[in-house]
Amino acid sequence: MTNGHQSWGRYPLATQQAAHPIVWQTDRLPEAGDGTLLPYGMGRSYGDSCLNEGGTLLTTAALDRLLDFDAATGVVRCEAGVTLETLLRLAVPRGWFLPVTPGTKFVTVGGAIANDVHGKNHHRAGTFGRYVKRFELLRSDGSRRVCSPEENRDWYEATIAGLGLTGLILWAEVQLRPIHNPFVLTETVPLENLDAFFEVSRESEPDYEFTVAWLDGLAKGRRLGRGLYYRGNFAPPQLEGLPLKKSHLNSGSGLVVPIDFPGFSLNWLSVAAFNWLYYRVNLINRGPKLQHYDPFFYPLDAVHRWNRIYGRRGFLQFQCVVPHATARDALREILERSAREVPSFLNVLKTFGSVASPGWLSFPRPGVTLALDFANRGERTWKLVAELDHVTRQAGGAVYPAKDARMSAENFAAYFPQLERFKPYVDPAFSSSFWRRVLDSSQAQAMVRSP
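Residues numbered from 1 in each chain as written. Predicted model: local features only at pLDDT ≥ 70, side-chain atom pairs only at ≥ 80, totals over all residues. Heavy atoms only, no water.

Draft legend 1. Molecular detail of the overall build of the chain. Looking only at helices and strands, one finds 13 helices and 20 strands in the chain. Relative to the globule expectation of 22 Å for 451 residues, the C-alpha radius of gyration of the chain, 21 Å, shows essentially globular dimensions. Based on the C-alpha atoms only, the size of the chain along its principal axes is roughly 60 × 55 × 45 Å. By the burial criterion, 58% of the 451 residues in the chain qualify as buried. Here the contacts in the chain between residues at least 6 apart in sequence split such that 76% fall between residues at least 24 apart. Total accessible area on the chain is roughly 18,600 Å²; 53% of this is exposed by carbon and sulfur atoms. Seen as two clouds, the 50 positive and the 44 negative side-chain charges of the chain have centres 5 Å apart. (Helix = DSSP H or I, 4+ residues; strand = E, 2+ residues; numbered from the N terminus. Rg over C-alpha atoms; globule rule 2.2 N^0.38 Å. Buried < 20%, exposed > 50% of the residue type's maximum accessible area, 1.4 Å probe, protein only. Contact = heavy atoms within 4.5 Å. Areas by Shrake-Rupley, 256 points an atom, 1.4 Å probe, with all protein chains shown as cover. Lys, Arg positive; Asp, Glu negative; His and termini not counted. Charge placed at Lys NZ, Arg CZ, Asp CG, Glu CD.)

Structure follows, in structure tokens:
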């Protein structure tokens, strides 16, 4: 047995039977035996969607080959274990960038497809899955399917945001977007409260491709939702004479959290002190500035293994999306409950646009999305997050499976109305700790094995 693989949130703990590396595209999948199979990339999912208690993880770190790149069109074909960091190192010096990127570049292409990741430009570009031109899917019965909007479209749409359950993605073609240089023109706007966020968002989104807000999660009363709004666009071609040096493609500061912090280190006082300092330092630099893409898109990547700050018990992230019509009231209630009951160390707020994803189980939908990080304090934390789940569902919203460690089967079905359509495409040998949690045993037994 092995317990060497865990999610980024470090909760729950899971013991897999084995970690089976996939080295070549011609490899056959192992027999599931008494357990099940699940693809595993970098393990950056926060909950248990990348864990398979009692089963086998199909690790894709060795599927890391770049297969083809057309510098004229920006189409790259690579194996599923290639990371977004590797794609950036290939593409940026040649004038291309990821069409959509999450807040970390340390995820694989296969993982980005399986979770249909989103970024700061969803209101313009939608999700990562929209830019996947095609991929090859390997099933446990040995069958292989090339999937695209034109070929095996149902498998294509089931696999995007399919949480790795429809089979193993071997390779994928992704359409990149052009840039003139690796810099972003950014501006920081202070927010007095939650109402200011909606006002600044409405003013910013027509002119800025990238928008996101940081909130002081302990602010209350009239200051509820106080924070900083970041907006930016890639720099114009007038700067294209700047050299694209290797130093522009850094992987962060090189800082590493060397040990697990003690459980008491994140408390009301430490979180309040951090929020006070972060807010004021960023106010000083709030004017327009030219910033390299790395710290703009990936600020947390500058500190490797930052999840250790939450200690050995890990943390729970609650990320929800609520429709625009109910967003003000729902987000106000969520922020008030958090500020009153359990301090959230990191709070991120942004809007989702109306650009639809091809994935049936894709999380983003028109509305406003809020992510809160809670140190795992046991029952107290669980009680709060269950309350936030209730607020989200009452508001007609949804919770993000890639960040979840505890949503119920009932809520999952309510959040994702295409669940029944998806179930027949799940490979009978594939499962995850998350999937078993959000399905009743009776449902699992009744699932059609293959469409």
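On we go from here.
Draft legend 2. Examining the domain arrangement of the chain more closely. For the chain, the domain assignment lists domain 1 (66-178) and domain 2 (183-410). Distance from the C-alpha centre of domain 1 to the C-alpha centre of domain 2: 24 Å. Listed per partner, the contact involves 36 residues of domain 1 and 38 residues of domain 2. Both faces combined, the contact of domain 1 with domain 2 buries some 3,300 Å², and carbon together with sulfur accounts for 60% of it. Looking at the side of domain 1 facing domain 2, the largest losses of area belong to His-118, Lys-120 and His-123, adding up to 23% of the total buried there. Inspection of the domain 1/domain 2 interface yields three salt bridges. (Domains from an automatic or database assignment. Buried area = accessible area lost by both parts, 1.4 Å probe. Salt bridge = Lys/Arg side-chain N within 4 Å of Asp/Glu carboxyl O.)

Draft legend 3. Representation of helix α6 (residues 268-284). With 17 residues, α6 ought to run about 24 Å at 1.5 Å a step, and its terminal C-alpha atoms sit 25 Å apart, in line with that. Those residues of α6 not exposed but buried are Val-271, Asn-275, Tyr-279 and Asn-282. The buried residues of α6 occupy an angular sector of 80 degrees when projected down its axis, which confines them to one face. Exposed residues on α6 whose side chains face more than 90 degrees from its buried face are Leu-269 and Ile-284. Of the residues that open α6, the one with a side-chain oxygen 3.0 Å from the backbone nitrogen of Leu-269 is Asn-267. (Expected span 1.5 Å × (residues − 1). Arc of directions from axis to C-beta. Polar contact = N/O pair within 3.5 Å; in protein donor to acceptor, adjacent residues only side chain to side chain.)

Draft legend 4. Fine view of the packing of aromatic side chains. Tallied over the entire structure, the rule returns 29 aromatic pairs. Measuring from ring centre to ring centre gives 6.1 Å for Phe-197 and Tyr-229, while their planes differ by 55 degrees; the resulting arrangement is tilted. Of this pair, Phe-197 sits in helix α5 (residues 194-204) while Tyr-229 sits in strand β13 (residues 227-234); the two residues are 32 residues apart in sequence, bridging distant segments of the chain. Comparing Phe-197 with Tyr-229, the two get one shared label, buried. Considering the side-chain rings of Phe-412 and Phe-434, the 5.4 Å spacing of their centres and the 85 degrees angle between planes classify their relative orientation as edge-to-face. Of this pair, Phe-412 sits in helix α10 (residues 409-415) while Phe-434 sits in helix α12 (residues 433-437); the two residues are 22 residues apart in sequence, bridging distant segments of the chain. Judged by its relative accessible area of 0%, Phe-412 is buried. Members of the aromatic cluster, connected to one another through ring pairs, are Trp-8, Tyr-46, Trp-214, Phe-274, Tyr-278, Trp-306, Tyr-310, Phe-315 and Phe-345. In this arrangement the basic side chain of Arg-77 is found over the ring face of Trp-171, its NZ or CZ atom lying 5.4 Å from the centre. (Phe/Tyr/Trp six-rings, centres within 6.5 Å; stacked < 30°, edge-to-face > 60°. Lys NZ or Arg CZ within 6 Å of the ring centre and 35° of its normal.)

Draft legend 5. Geometry of the pattern of salt bridges. Counting across every chain of the model gives 29 salt bridges. Across the salt bridge formed by Asp-216 and Arg-226, the nearest N and O atoms sit 2.6 Å from each other. One end of the pair, Asp-216, is in the loop between β12 (210-215) and β13; the other, Arg-226, is in the loop between β12 and β13, with ten residues separating them in the sequence. Residues Asp-216 and Arg-226 agree in their burial class; the two are buried. The salt bridge partner of Arg-393 is Glu-410, with a shortest N-O separation of 3.3 Å.

Draft legend 6. Region of the structure containing a nonpolar patch on the surface. A surface patch of nonpolar side chains, about 310 Å² in accessible area, is lined by Trp-276, Leu-277 and Val-281. When you line up the elements, Trp-276 lands in helix α6. Judged by relative accessible area, which is 49%, Trp-276 ranks as partly exposed. (Patch = residues over 30% accessible without salt bridge, like charges linked within 9 Å, V, L, I, M, F, W, Y side chains within 5 Å.)

Draft legend 7. Fine view of the sheet that holds strand β17 (residues 315-322). The eight strands lie next to each other as β15-β11-β13-β12-β18-β19-β17-β20, forming an open sheet whose pairing is antiparallel. The sheet is open, and its two edges are formed by β15 (289-292) and β20 (398-399), each paired on a single side. Strand direction decides the pairing type here: β17 and β20, joined by two bridges, are antiparallel. If you follow Val-321 over to β20, its bridge partner there is Ala-398. The sheet strands contacting α6 are β11 (183-191), β12 and β13, and the helix crosses β13 at an angle near 45 degrees. The strands touched by helix α9 (residues 379-394) are β17, β19 (367-375) and β20; relative to β17, the strand with the most contacts, the crossing angle is about 10 degrees. (Pairing = 2+ DSSP bridges. Axes fitted to C-alpha atoms, helices over the stretch in contact; angles between N-to-C directions.)

Draft legend 8. Summary view of the sheet that holds strand β3 (residues 56-59). Here three strands make up an open sheet; going across it, the order is β1-β3-β2 and the pairing parallel. At either end of the open sheet lies a strand with only one pairing partner, and these are β1 (18-21) and β2 (37-40). Averaged over all adjacent pairs, the angle separating strand axes in this sheet is 30 degrees, with direction ignored. Pairing between β2 and β3: four bridges, direction parallel. Counted as the bridge partner of Leu-38 is Leu-57 from β3.

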